Amino acid sequence: MSITIESIACWLVDIPTIRPHKLSMTTMGCQTLTIVRMSCAQGVVGWGEATTIGGLSYGAESPEAIKSAIETYLAPLLCGKTFSGTAALAQAMNGSVKGNTFAKSALETAFLDAQGKALGVPVSALLGGAICERLPVLWTLASGDTEKDIDEGKRLLAEGRHNAFKLKIGARELATDIRHALAIGAALGDDVSIRVDVNQAWDMTTAIKGMHQLQEGGIDLVEQPIPLWDRQGLITLSQRFAIPILADEAISTSHDGYALASGGFTGAFALKIAKAGGPAQALKLAHMAQAAGVALYGGTMLEGTLGTVASLHAWSTVRMQWGTEMFGPLLLKDDIVARPLTFSDGQVTLPSGPGLGIEIDTDKLRHYARQ
Ligand code: MUC
Ligand code: MG
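Residues numbered from 1 in each chain as written. Chains lettered and ligands numbered in written order. Predicted model: local features only at pLDDT ≥ 70, side-chain atom pairs only at ≥ 80, totals over all residues. Heavy atoms only, no water.

Chemist: Now, about the side chain of D177: what can you tell me, with residues and values included?
Modeler: Structurally, D177 can be placed in helix α6 (residues 174-188). The residues touching D177, leaving out its near neighbours within four places in the chain, are I169, G170, A171 and R172. (Helix = DSSP H or I, 4+ residues; strand = E, 2+ residues; numbered from the N terminus. Contact = heavy atoms within 4.5 Å.)

Chemist: Just give me the short version of the environment of A250, but keep the residues and values in it.
Modeler: Tracing the backbone shows A250 in the loop between β10 (245-247) and α9 (254-262). Not counting chain neighbours up to four residues away, the residues in contact with A250 comprise Q224, L228, L234 and D256.

Chemist: Talk me through the environment of V222; I want residue IDs and the actual numbers.
Modeler: Within the element layout of this structure, V222 appears in strand β9 (residues 221-223). On the basis of relative accessibility, which here comes to 0%, the residue V222 falls in the buried class. Each C-alpha atom of the pair V222 and I194 lies 9.5 Å from the other, and the pair is 28 residues apart in sequence. Each residue touching V222, except ones within four places of it in the same chain, is listed here: V196, V198, M211, L214, I243, P244, I245 and L246. (Buried < 20%, exposed > 50% of the residue type's maximum accessible area, 1.4 Å probe, protein only.)

Chemist: Give me the lowdown on the coordination of the magnesium ion (ligand 2), citing residues and values where you can.
Modeler: The coordination sphere of the magnesium ion (ligand 2) contains the protein donors D197 (OD), E223 (OE) and D248 (OD), at a distance range of 2.0 to 2.3 Å. Of note, the magnesium ion (ligand 2) draws all its donor residues from one chain, in the sequence arrangement D-x25-E-x24-D. Within this pair, whereas E223 is found in strand β9, its partner D248 is found in the loop between β10 and α9, the two being separated by 25 residues in sequence. On the basis of relative accessibility, which here comes to 0%, the residue D248 falls in the buried class. (Donors = N, O, S within 2.8 Å, 3.2 Å for Na, K, Ca; no water.)

Chemist: Describe the site of ligand 1, and please don't skip the residues or the numbers.
Modeler: Near ligand 1, the surroundings consist of 15 residues, among which H21, T140, K166, D197 and N199 are the closest. In the environment of ligand 1, an oxygen atom lies 3.2 Å from a nitrogen or oxygen atom belonging to the side chain of K168. A distance of 3.2 Å separates an oxygen atom of ligand 1 from a polar atom in the side chain of E223. Here ligand 1 has 280 Å² of accessible area as a free molecule, and 100% of this is covered by the chains. When grouped by side-chain class, the residues that make up the shell around ligand 1 number four nonpolar, four polar and seven charged. Shared between two domains, the shell around ligand 1 holds at least three residues of each, these being domain 1 (3-120) and domain 2 (126-349). (Near = heavy atom within 4 Å. Polar contact = N/O pair within 3.5 Å; in protein donor to acceptor, adjacent residues only side chain to side chain. Areas by Shrake-Rupley, 256 points an atom, 1.4 Å probe, with all protein chains shown as cover. Nonpolar A, V, L, I, M, F, W, Y, C, P; charged D, E, K, R; others polar. Domains from an automatic or database assignment.)

What follows is the structure in structure tokens.
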């Protein structure tokens, strides 16, 4: 069903985090969501979100630049036009705007929400159809303090909310990071999956040493140990160690995935809708990975509920061998939706209902929107 876009509005929404979240390149105390409302013909309204981490410390688009790209370049391209689906929408956007995948992701999400509502079907149905209603979801322990992380992990295990954890390392010297990771692994027990994310902080020499020690210590997975540009290094590490590598910053699109897989990379790809330009675009990388026998993982940019649900609709259509990390809303003190997602037994439930299946709380949107 074709959708005619009439107008697009955009807000920057600042929401504090429940505790400082320490990554190798920044410490987050607040998350900025770029929220999009797409008003379409027949009164249909779609919502989208683009969110990055720590201003410009993770990716090349800041929240302010995302809003500017949408308002100045992308919205004028789309408003007043009719699109049959995400392929037509992407063609229009990519024809005139290079890169800016975060901004495009918010718009593709809003379009899918509108099209789903117009057709009376969930977004997952527009992306191939959900093969599961609940998805595994881990939690990131990243307070920066080993004892605090152990307490947090034990509490979440006791509550049954999560049974797998990711640790953020790379900011401190290797020996300290290894001690930190192995202490948490030992305290939480053998049944709990522990993975680490280095966020590109190591050089190759440190990575070889670090991977060896993490492998010996029983850590399950190492995410993006070296800089994103070092594709050959990632391939070499993946072939040298039994502990699997998860490529995150190194892969955004199916082109990146193809280059890594055809170069001999083994391991897994972290999919993120923002890196690819939207839920439908991220699935192109997923399908490419499936063809190459590379495992999948549902990644987050620590989005609020809107962006998290958009991702979940896409992730529900493929098998995620490494599960997902779609816990973003739980890291935020508040959100802009009427009903929160349900997290229990290490899983999150995909909302039902047309479109994304969520309702925006416009009072909260007004309250948190930057003036
Ligand atoms: C990243 O690099 O994976 C995902 C989970 C988390 O804690 O940080 C993000 C970013
Ligand atoms: Mg990562």
